[in-house]
Amino acid sequence: MQKNLIIGTMGHIDHGKTSLIAAMNGFWGDSFAQEKERGITLDLSFSNLQEGEKNLSFIDVPGHEKLVKNMIAGAFGVDYAMLLIAANEGIMPQTLEHLKIAYLLGICDFIVVLSKCDLVDLDTIEKLQGEVKELFSKFPSLRFQILNCSIHQPQSIQALKKVLFALPKKARQDLGFFRYYIDRVFVIKGAGCVVSGTLMDGDLSVDNKVWCAQLGRALGIKNLQVHGQTTTIAQNGARVAINLSGVSHQELKRGDLLTKKGYLRGFDSIEVEICAFETIEHNSEVQLFLGSLRCAARVLFLDKEKKFATLKTEIPIFGIFNEKFILRDDKQTLGGGRILSPIVDPMKKSQKLKYLELLSQGDFKGAFEILLYAHKKGFGLISATQRFGISQAISLEIASQIPQCFVCARELIVYSKAAREIVQEVIFKILSKNPNALLSAALLSQKQSWIAEEFAKSVLDEMLENQKLNKADSFYVSPQNILGLEASNAEKIEDYFYKTIYETLHNQEFQPIAPYNLYDLLDIDRQTGDSIFKRLTHEKKIVRLNHKLFICSDVLTRLLELMRGIIKQEGYLDLGNFKTHLSLSRKYLIAYLDYLDSFKDIVNTDGKRTFK
C-alpha cells in the first residue's frame, strides 16, 4: 500500500518554491501563460515525487500577498509544511503570513528551507537560522527543522529529498465516509468534467456515487487518477483527480464539497472557537476560508474574551467538528480557529457557552448532558460524526454512561428524564379523553413521531410497575378502564376492537372515516387497526373502495340501490345530480361513481352514467 504525504510548499514571492520543486522532480508548475510571463505562481500547482512505496505530493502555493486566498485553498489537508526563506532576503511579510495560516490550520511540522544559500556567506546563513528559531519560538506548539539549500548545489537537493522521504506518515482521522473539497475544475476533451482535490477523510472507489453538497445531487465517477495514474481506489490523504459524470464543469466551482449522501447537513450558522492575530470586532464582516471554500461571514462573539463566536454565513456550510478555518478581511489574515458546533442548537447563552467550553476540552459526555437538557424530546445521534467527529457506536457508548438517560440504540436517539415525564403526560392526556383506550408503544409513537417505540414501551412498563396502568394482553389500560378486560383474554380485546371499528363505520353510513383517522379517534395503533380492517374485509362485512375508503357491505348495497334508482328516474347519474340526492364531499361521490363503473350494465359517457 502506497504511503502518501502531502507537503505544502509555502513562502514569500520569489523565494524559490517552484524552482526548488523543479530541482527535485523536474516539474515546473507554471502551466498558465500569465504565470510563465510574470514568473510567479498565480494558483495552486501540484506535482509529486516517488521513492519505493512512498509518495510525496507537493502543493506549491502562491506567495504573492494578493493571492493569499489561493494559498489558503492549497494549505488545507497538508501533512507537512515546507517553508522557504531566501537566504539573500530573509524573513519577509508573506513568510510570516504563511506561517500564521499554517499554524491556524493545525499544521504542526515544518521543514524550513533556507533557499538560495549559494548567494550569501556562512555568517548570513547562521544569523538567519537564529531569526527563524526566534520566529518559531512565538509558536511553541510547532516543530521544525532547518535545512540550507540551493538549486545549484545538487548535494543540498539530495539532502532535502532524504529528509522528506524520512518523514513519518501522518495519522488521519477516518470518519467512516469520504470528504473531498474541490480545488480545481476543468474539462478534458473526450472525458468531460474533471475535478482535483485532496481526499480529506475515508477512501474513494470508482464504484462510489459522490454527493455534491452544494448541488444537492449524486454524481457518478468515470475515472480516478492519483498522481497521473489511473486507479480504482484512492486512499485517505491522496491527491485525486476525479472524472465525473452527470454534471457540467460549469456547475461546479472551487470550494464545493463531494462526500457520501446522508452524512452531512448544511447550516448558515456555525459555532466556533477563534484564535485571533488581529482585532476582530463583534458583528464584523469577514471572509471565511474552509477547505478550498471561500465565503462571506459575520462574526458574532458569544463571550467577552472573544474566544467563542457564531459565524453567520452567506451560504450553507457543511462543516464537521474540529475542522479548521481562516478568517480574513480585504488586507490581512485576522485569525482562524476550529468548528466546535457545526449544527447549532437552540440554547440559552450561558448554556451554549458551557456547551462550547466542554466541546473545546473534548468532554463529549458533558456536552451530551447539555444537549439532553436542551432537547426535551430526545437528542438524535445520527449526526454524531458531523457534530463530534466520532462514530455512532462511540456516541452510543458515551450516552449510556449518563445517569437517568434512556438510549435507544436502534433509532439512535437518547432521552432524558424530562422526556420520560413528557411521554407520561401524553399518556394521561389520552386516558383523560378516552378512559377505555388500549395503549401500546406503537400507538404512542404513532401519535408523537419523536417518541421511539422502544422508549415508549419503557415508559409504559415503568407506569405499569408503579401501578399507574394495568395490562390487558399486550395492551396497557387505565386502572379505571370499564371494559372488564383481563390480561389473559386476548380474544376479548380483539373482539372489542372488531366490534368498535365495525359499529363506528356502520354508524357513519355513507361518510365512513378514513382508517388512520379512525385509529386516532379510538386510540388504536395502526398495526392492530389494520389487522381488524383486513379481518372485516375478508369476512366481507366491509368493502374497500380505495386505500382511504372502507364502507360497510350492507350500506354499500343501499347506496347502489339509490344510485341505480336515480338513473331510472332521471335517465343518468353524474356528479351534479348525485350531489342533490346525497350532500357529500366530492371525495365520497367520485369514489362511489367509480365503483358503479365497475358493473357491466353501466356505461360512463363523459361522466354521465347510464344503463346499457
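What comes next concerns the included structure. Source: prediction; values computed, not measured.

**Notes on helix α10 (residues 392-399)**
Alright, step 1. Every buried residue of α10 is listed here: Ser395, Leu396, Ile398 and Ala399. All buried residues of α10 lie within an arc of 160° about the axis, which places them on one face of the element.
Alright, step 2. Packed against the buried residues of α10 are α8 (364-374), α9 (384-388), β23 (406-408) and β24 (413-415).

**Quick word on helix α19 (residues 586-596)**
Alright, step 1. Looking at α19, one finds that the buried residues are Tyr588, Leu589, Ala591, Tyr592, Leu593 and Leu596.
Alright, step 2. Residues of α19 that are buried in the fold lie against β27 (542-546), β28 (549-552), α17 (553-570), α18 (575-581), β29 (602-605) and β30 (608-611).

**Observations concerning the sheet that holds strand β21 (residues 333-341)**
Alright, step 1. Here six strands make up a closed barrel; going around it, the order is β16-β19-β18-β17-β20-β21 and the pairing antiparallel. Between one strand axis and the next, the sheet turns through 40° on average, direction left out of account.
Alright, step 2. Examined bridge by bridge, strand β16 (residues 267-276) and strand β19 (residues 308-317) share six bridges and lie antiparallel to one another. The residue bridging Phe267 from the neighbouring strand is Ile317, located in β19.
Alright, step 3. In the packing of helix α4 (residues 93-104) onto the sheet, contacts are made with β16, β20 (324-328) and β21, and the angle to β21 comes to roughly 5°.
Alright, step 4. The strands touched by helix α7 (residues 349-361) are β16, β19 and β21; relative to β21, the strand with the most contacts, the crossing angle is about 95°.

**Regarding the nonpolar core**
Alright, step 1. Counting residues in each nonpolar core, the largest one holds 40 residues, and the members touching the most others are Ile501, Phe533, Leu559, Met563, Leu573, Phe578 and Tyr592.
Alright, step 2. Of all the secondary structure elements, the ones that give two or more residues to this core are β26 (475-477), α14 (490-508), α15 (515-522), α16 (526-538), β28, α17 and α19.
Alright, step 3. Looking at this core element by element, the count peaks at seven residues for α17.
Alright, step 4. Counting residues in each nonpolar core, the second largest holds 28 residues, with Val272, Leu290, Phe301 and Ile317 among its members.

**What about the environment of Arg544?**
Alright, step 1. Residue placement: Arg544 occurs in strand β27.
Alright, step 2. In this structure, the C-alpha to C-alpha distance between Arg544 and Lys169, residues 375 residues apart in sequence, is 67 Å.
Alright, step 3. Beyond its immediate sequence surroundings of up to four residues, Arg544 is in contact with Leu549 and Phe550.

**A word on the sheet that holds β24**
Alright, step 1. One open sheet holds the three strands; their spatial order is β22-β24-β23, and the pairing between them is antiparallel. Of all strands in the sheet, those with a lone pairing partner are β22 (379-380) and β23, marking the two edges.
Alright, step 2. Bridging between β23 and β24 involves three bridges; their strand directions are antiparallel. Across the sheet, the residue bridging to Val407 is Val414, located in β24.

Conventions used here
Residues numbered from 1 in each chain as written. Predicted model: local features only at pLDDT ≥ 70, side-chain atom pairs only at ≥ 80, totals over all residues. Heavy atoms only, no water. Buried < 20%, exposed > 50% of the residue type's maximum accessible area, 1.4 Å probe, protein only. Helix = DSSP H or I, 4+ residues; strand = E, 2+ residues; numbered from the N terminus. Arc of directions from axis to C-beta. Contact = heavy atoms within 4.5 Å. Pairing = 2+ DSSP bridges. Axes fitted to C-alpha atoms, helices over the stretch in contact; angles between N-to-C directions. Core = buried A, V, L, I, M, F, W, Y, C linked by side-chain atoms within 4.5 Å.

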